[in-house]
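Close look at the chain arrangement
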Amino acid sequence: QVQLVESGGGLVQPGGSLRLSCAASGNIFSINAMGWYRQDPGKQRELVASIASGGTTNYADSVKGRFTISRGNDKNTVYLQMNSLKPEDTAVYYCNARAYTVNYWGQGTQVTVSS
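Another point: the pattern of salt bridges. For the structure shown, the criterion picks out four salt bridges. We note a salt bridge from Glu46 to Arg38, for which the minimum N-O separation is 3.0 Å. On the basis of relative accessibility, which here comes to 37%, the residue Glu46 falls in the partly exposed class. Here Arg38 makes a salt bridge to Asp89, at a shortest N to O gap of 3.1 Å. A residue pair is termed long-range when its members are at least 10 positions apart, and Arg38 in strand S4 (residues 31–39) and Asp89 in the loop between strand S8 (77–82) and strand S9 (91–99) qualify at 51 residues. A residue is classified by how much of its surface remains accessible, and Arg38, at 6% relative accessible area, is buried.

A few words now on unusual backbone geometry. A positive phi angle is found at Ser84, which is not glycine, with a value near 50°. Along the chain, the position of Ser84 falls in the loop between S8 and S9. The phi dihedral of Tyr100 is positive, around 60°, even though this residue is not glycine.

The four strands lie next to each other as S1-S3-S8-S7, forming an open sheet whose pairing is antiparallel. Looking at strand neighbours, the two that pair on one side only are strand S1 (2–7) and strand S7 (67–71), the edges of this open sheet. Going from strand to strand, the sheet's axes swing by 15° on average, the running direction of each strand aside. Strand direction decides the pairing type here: S7 and S8, joined by five bridges, are antiparallel. For Phe67, the partnering residue across the bridge sits in S8 and is Met82.

About the criteria used
Starting afresh in each chain, residues are numbered from 1 along the sequence in its written order. Two thresholds apply to this predicted model, a pLDDT of at least 70 for residue-level local features and 80 or more for giving and counting side-chain atom pairs, whereas whole-chain, interface and lining totals are computed over all residues. Think of the side-chain values as coming from all heavy atoms in the structure, minus any hydrogens and water. Salt bridges are identified by distance alone: a Lys or Arg side-chain nitrogen within 4 Å of an Asp or Glu carboxyl oxygen. Relative accessible area decides the class of each residue, using a 1.4 Å probe on protein chains only: under 20% of the type maximum gives buried, over 50% gives exposed, and in between gives partly exposed. Put simply, DSSP marks the helices as runs of H or I at least four residues long and the strands as runs of E at least two long, and each gets a number from the N terminus on. Strand pairing follows a simple DSSP-based rule, namely that at least 2 bridges must link the two strands. Every axis in this analysis is a line fitted to C-alpha atoms, fitted for helices over the stretch in contact. Angles between the N-to-C directions lie between 0 and 180 degrees.

It is worth stressing that arrangement in space is one thing and function is another; only the former is reported here.
Written out as C-alpha cells, the structure reads:
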C-alpha cells in the first residue's frame with residue numbers, strides 16, 4: 001500500500017509559475033516510477049510528466065520546455081515545476097506512483113491559470 005499527498009496547487013496568472021509536490025509513504029520501496037497526470041472535466045486523465053527510478057523522464061508535448069519533473073534525494077518526494085503557465089494548463093493534477101503493475105493515485109490538486 002502506498003499513500004500519496006499532494007500540495008502546491010492554486011490560482012496563478014498566465015505566465016506565472018507553480019511548484020507541485022507529492023510525498024509518498026507506506027510501502028515506498030516497491031515504487032518503480034512516479035509521475036503527474038491531469039484531468040479536465042469530461043476528459044480522460046492524461047500524462048503530464050513521469051520519472052523512472054533510474055532518472056529517465058518523459059513529458060507531454062504540450063508542456064515540454066515549460067515543466068520539469070524531479071525527485072528528492074530520498075526518492076519519497078516528486079516535484080513538478082511549472083513555468084510559463086497557460087490557461088489551457090488549468091486542470092486537476094494527480095500524483096501517480098507505480099509499484100510493479102499497481103498504480104496509486106493522490107487526491108488531486110487544482111491548478112487554475114486565469115487573469
